[in-house]
Amino acid sequence: MKFNIKLLSLIALVALISCTSKKQEGVLVSDESIWSIARTVSSFSYLHNRTDTLVADPATNGSHGNFVRIRFNQKAISAMNDSLSGLSKTFFPNGSLILKEIYDQSGGSLLEYAVMYKSPEAANSGSGWIWVEFNPNGIVEYSGIRKGDQCISCHARGNNADLVQTFLYH
């Protein structure tokens, strides 16, 4: 009798553990949280350590506009080379944030922010990243709840660096 109870308890425990996934359902990183992190400009560094506007490669067809500035938080920088022109590691660490500022022309008006936040455990991540786009006032234009459904197919093409295409085009 004691053996059956122990066996049933073990089976129940195994079933409970197998139903628990690394990606906890219900744990969402909100668009507002991403916006808050993205607005902390002082802790960011720009691609190639340059703050001027970059012209997008024509091969991208202006996916995120023709004129951009791209910045990385300290977590992302920890995986990059000294010139901030590529990855020195295979993947960006969890908590990395990459923000692309999109402009209408060089030195022109800011149109949009496109943000990638590395959080594979979040319920709203798509391929390990949360994908959000904001207008300049912080109003969400593309929500992270969509799990990058319109982003991942392009970002997964070619020789991407952990789904980041920036290093190929700028």
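Because the structure is a prediction, the values reported are computed rather than measured. (Residues numbered from 1 in each chain as written. Predicted model: local features only at pLDDT ≥ 70, side-chain atom pairs only at ≥ 80, totals over all residues. Heavy atoms only, no water.)

## So, the overall build of the protein
As a reminder, the rule being used: The secondary structure listing takes helices from DSSP runs of H or I that are at least 4 residues long and strands from runs of E that are at least 2 residues long, numbered from the N terminus. Summary of the burial criterion: residues with accessible area below 20% of their type's maximum are buried, those above 50% are exposed, and those between are partly exposed, where the area comes from a 1.4 Å probe applied to protein chains only. Accessibility throughout is a Shrake-Rupley quantity obtained with a 1.4 Å probe, and a residue counts as covered only by protein chains that appear here.
Looking only at helices and strands, one finds 5 helices and 7 strands in the protein. What you see in the protein, going N to C, is helices and strands ordered as α-α-β-β-β-α-β-β-β-β-α-α. For the protein, with 170 residues in total, the buried portion stands at 41%. About 9,600 Å² of surface is accessible on the protein, with carbon and sulfur atoms providing 55% of the total.

## Some thoughts on the environment of Thr90
Mapped onto the elements, Thr90 comes out in the loop between helix H3 (74-77) and strand S4 (97-103). Judged by its relative accessible area of 59%, Thr90 is exposed. Note: C-alpha distance between Thr90 and Ala79 (11 residues apart in sequence) is 8.0 Å.

## Thoughts on the nonpolar core
Counted only if it meets this: By nonpolar core we mean a set of buried residues, namely Ala, Val, Leu, Ile, Met, Phe, Trp, Tyr and Cys, connected to one another through side-chain atoms within 4.5 Å. Whether two residues are in contact is decided by their heavy atoms, any of which lying within 4.5 Å being enough.
Phe72, Phe92, Ile98, Trp129, Trp131, Val164 and Phe167 are the most contacted members of the largest nonpolar core, which totals 24 residues. Contributing elements (two or more residues each) for this core: strand S3 (67-72), H3, S4, strand S5 (110-118) and strand S6 (129-134). For this core, the element with the most residues is S3, which contributes 3 residues. Once you skip the residues sitting within four places of it in the chain, Phe92 turns out to touch Ala76, Ala79, Met80, Leu87, Ile98, Lys118, Trp129, Ala161, Asp162, Val164 and Phe167.

## Description of unusual backbone geometry
Phi is positive for Lys147, close to 60°, though the residue is something other than glycine. Relative to the assigned elements, Lys147 resides in the loop between strand S7 (140-142) and helix H4 (152-155). A residue is classified by how much of its surface remains accessible, and Lys147, at 37% relative accessible area, is partly exposed. We note that Leu163 has phi near 70°; this positive angle belongs to a residue other than glycine.

## Quick word on helix H2 (residues 31-38)
Convention followed: Note that the arc is defined by the directions from the helix axis to the C-beta atoms.
Within the sequence span of H2, burial applies to Asp31, Ile34, Trp35 and Ala38. The buried side chains of H2 occupy one side of the element, clustering within an arc of 100° when seen end-on. As for H2, its buried residues are in contact with S3, S4, S5, S6 and S7.

## As for the side chain of Thr53
With respect to the helices and strands, the residue Thr53 is situated in the loop between strand S1 (45-46) and strand S2 (54-55). In this view, Thr53 contacts Phe67, Val68, Arg69, Tyr103, Ser106 and Gly107; residues no more than four positions away in its chain are not counted.

## Brief notes about the pattern of salt bridges
Operational definition: Each reported salt bridge corresponds to a side-chain nitrogen of Lys or Arg within 4 Å of a carboxyl oxygen of Asp or Glu.
Enumeration over the complete set of coordinates arrives at 5 salt bridges. When the shortest N-O distance is used, the salt bridge between Arg69 and Glu101 registers 2.6 Å. Of this pair, Arg69 sits in strand S3 while Glu101 sits in strand S4, and the two are 32 residues apart along the sequence. For the salt bridge of Glu101 with Arg71, the shortest nitrogen-to-oxygen distance reads 2.8 Å. Here Glu101, found in strand S4, pairs with Arg71, found in strand S3; they are 30 residues apart in sequence, far enough to count as distant.

In short, geometric facts, not functional conclusions.
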